[in-house]
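# A closer look at the structure
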Amino acid sequence: IRTVLIHHFFAQETAVPDTAIRQAVAEILEVDRPRQWYWALMDYGTYLKRTTGSLNTLSKSYTLQSRFAGSKRQVRGMVIRQLAQRPATLQQLASHIDSPLLSEVLSALCREGLIHKTKVTYHL
């Protein structure tokens, strides 16, 4: 979404502040169907990144994202993917997810309310 907004509203600028990006979102927000609108913006942003490159570097708050392989982000995605198939215990998850971060990620996902633990079983 940031790529789309920078492409259309701030292409000639550098260090675009988030306040300006949020203001642009407020101006173009589709209030009747916001979910579909954001999905469309994300799809369009993907297209723009393939055809024009990432414009996110023009954002004032841009930082290079940490590597994905072996990251907490990767483990979180693996946990959600496994639990979307069926509830599982820690041991069952560990048999599919070989990471020292697994327990930490499970605790964080529970705190955030994204997953729940009933006795020894985790589920969405």
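Look a little higher up for the structure.
Attention here is on the structure that accompanies the text. Quick caveat, the model's predicted, so the values are computed rather than measured.

Cut-off values and rules
Residues numbered from 1 in each chain as written. Predicted model: local features only at pLDDT ≥ 70, side-chain atom pairs only at ≥ 80, totals over all residues. Heavy atoms only, no water. Helix = DSSP H or I, 4+ residues; strand = E, 2+ residues; numbered from the N terminus. Buried < 20%, exposed > 50% of the residue type's maximum accessible area, 1.4 Å probe, protein only. Areas by Shrake-Rupley, 256 points an atom, 1.4 Å probe, with all protein chains shown as cover. Lys, Arg positive; Asp, Glu negative; His and termini not counted. Charge placed at Lys NZ, Arg CZ, Asp CG, Glu CD. Core = buried A, V, L, I, M, F, W, Y, C linked by side-chain atoms within 4.5 Å. Contact = heavy atoms within 4.5 Å. Phe/Tyr/Trp six-rings, centres within 6.5 Å; stacked < 30°, edge-to-face > 60°.

The secondary structure content of the protein amounts to six helices and three strands. For the protein, the sequential pattern of α-helices and β-strands runs α-α-α-α-β-α-α-β-β. The dimensions of the protein, computed from C-alpha atoms along their principal axes, are 55 × 35 × 25 Å. Out of the 124 residues belonging to the protein, those deemed buried represent 26%. Only carbon and sulfur atoms are counted for the fraction: they give 54% of the accessible area of the protein, which is about 8700 Å². Across the protein, 16 positive and 9 negative side-chain charges occur, with their mean positions spaced 10 Å apart.

If you look at the biggest cluster of nonpolar residues, it comprises twelve residues: Val 75, Val 79, Leu 83, Ala 88, Leu 93, Ile 97, Leu 102, Val 105, Leu 106, Leu 109, Ile 115 and Tyr 122. Contributing elements (two or more residues each) for this core: helix 4 (72-85) and helix 6 (102-111). When residues in this core are grouped by element, the largest group, four residues, is from helix 6. Setting aside residues no more than four positions away along its own chain, Val 75 makes contact with Ile 97, Ser 99, Leu 101, Leu 102 and Val 105. Leu 5, Phe 10, Val 16 and Leu 58 belong to the second-largest nonpolar core, a separate cluster that totals eight residues.

In total, this model carries two aromatic pairs according to the counting rule given. A centroid spacing of 6.3 Å and a plane angle of 50° characterise the contact between Phe 9 and Phe 10, whose relative ring orientation is tilted. Exposure remark for Phe 9: the relative accessible area of 40% places this residue in the partly exposed category. Judged by its relative accessible area of 10%, Phe 10 is buried.

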